[in-house]
Amino acid sequence: MKVLVAYASRHGATKGIAERVAQTLERRGLAVTLEQADRVRQAETYDAFVVGGCAYMFHWARECTAFVRRNEHALAGRPTWLFSSGPLGTDLVDEKGRDVMVTTRPKEFDELAERVHPRDQRIFFGAWDPGAKPVGLMERFVGLMPAAKNAMPAGDFRDWPAIEAWAEGIVSELRMQAVTAAS
Ligand SMILES: Cc1cc2nc3c(=O)[nH]c(=O)nc-3n(C[C@H](O)[C@H](O)[C@H](O)COP(=O)(O)O)c2cc1C
């Protein structure tokens, strides 16, 4: 079974998650291709998809959104998982008591879920280094506003056991599907 792990990452945190997912799938015997979402050609040649992007200002990486829209037909007909690397810190609820995994769900996920019916849409804690060179106008703007910059937790909050467990779940589902298809 050929699995594509397609990702988009500005500063590397999401790339790291995509790499760990790909390694976990590969270790369990799947043929995995790890590729930037905007570089994928011939998506229809894969049997299953994991698409992961960073979230900024409530939006999923536009390369991932474009990839899913462009390949809607292929993804809708095969097992597909989406993930977003977004919230910073470790708090599961925000200061208003809201579930962080709900408030940080990218705005595009409803539309994309409607299009491709993913097996799961997962939000993972991300990472942010305030010393990193800003990418794009918005980050430059935030860099100039100490109040905004200081309000965001800095550090690497990626939950590797949770990421690996999620990838193991994908392996189990794909194996189950292969057994069902063969019987
Ligand atoms: C200016 C700025 C805005 C952000 N906006 C969001 C957001 O709206 N939702 C979210 O979940 N995370 C947000 N984050 C956190 C990033 O998504 C997180 O750092 C992510 O892991 C970065 O991934 P990357 O290194 O692959 O770019 C923001 C971070 C920065 C610096």
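Quick summary incoming for the structure in this document. All residue numbers refer to positions counted from 1 along the written sequence of the respective chain. In keeping with the model being predicted, local features are shown solely for residues with a pLDDT of at least 70 and side-chain atom pairs are shown and tallied solely at 80 or more, while totals for entire chains, interfaces and linings include all residues. Side-chain numbers come from the whole structure's heavy atoms, not from hydrogens or water.

Along the polypeptide, V142 turns up in helix α6 (residues 136-143). Buried residues are those whose accessible area, probed at 1.4 Å on protein chains only, stays under 20% of the maximum for their type, while exposed residues exceed 50% and partly exposed ones sit between those limits. Since its relative accessible area comes to 17%, V142 is described here as buried. When the C-alpha atoms of V142 and P130 are compared, they prove to be 10.0 Å apart, with 12 residues separating the residues in sequence. Two residues form a contact once any of their heavy atoms are found within 4.5 Å. Residues in contact with V142, not counting those within four places in the same chain, are A148, K149 and M152. For the purposes of this entry, the term helix denotes a DSSP run of H or I that reaches at least four residues, the term strand denotes a run of E that reaches at least two, and both are numbered from the N terminus.

The nonpolar core is taken to be a set of buried Ala, Val, Leu, Ile, Met, Phe, Trp, Tyr and Cys residues, with the residues joined through side-chain atoms within 4.5 Å. Core analysis: the biggest nonpolar cluster contains 22 residues, and F49, V51, W60, F67, V68 and L75 have the highest contact counts within it. Listed by contribution, the elements that provide at least two residues to this core are β1 (2-8), β3 (48-56), α2 (62-70), α3 (72-76) and α5 (109-116). The next biggest cluster of nonpolar side chains, apart from the first, holds 21 residues, and it includes V3, V5, Y7 and L25.

Attention now moves to the site of the ligand. The environment of the ligand is made up of 22 residues, and the closest members are S9, T14, A55, F58 and A127. Polar contacts here mean pairs of N or O atoms no more than 3.5 Å apart (in protein, one a potential hydrogen donor and the other a potential acceptor; neighbouring residues in sequence count only if both atoms are side-chain atoms). Residue G12 places a main-chain N or O atom 3.2 Å away from an oxygen atom belonging to the ligand. Here the ligand, which alone exposes 650 Å², has 94% of that area covered by the protein. Grid points spaced at 1 Å and placed over the protein atoms alone form the basis of the search, with a cavity being a set where a 1.4 Å probe fits but cannot get out and a pocket an open set showing protein on both sides within 12 Å along at least five of seven lines. Lining residues have an atom within 4 Å of a point. Occupancy of a cavity or pocket is assigned to a molecule whenever over half of its atoms lie within 2 Å of that pocket's grid points. In a pocket analysis with a 2 Å cut-off to the grid points, the ligand is assigned to the largest pocket. For the shell around the ligand, the elements supplying multiple residues, two or more each, are α1 (13-27), β3, β7 (127-128) and α6. The leading source of residues in the shell around the ligand is β3, at three residues. Under the scheme applied, nonpolar residues are Ala, Val, Leu, Ile, Met, Phe, Trp, Tyr, Cys and Pro; charged residues are Asp, Glu, Lys and Arg; polar residues are all the others, including Gly. Among the residues making up the shell around the ligand, the classes are represented as 13 nonpolar, eight polar and one charged. Consider each residue's heavy atoms; a residue with any of them within 4 Å of a molecule or strand counts as near. Method for areas: the Shrake-Rupley scheme with a 1.4 Å probe, in which residue coverage is limited to the protein chains shown.

Take it as geometry only, folks, not as evidence of what the structure does.
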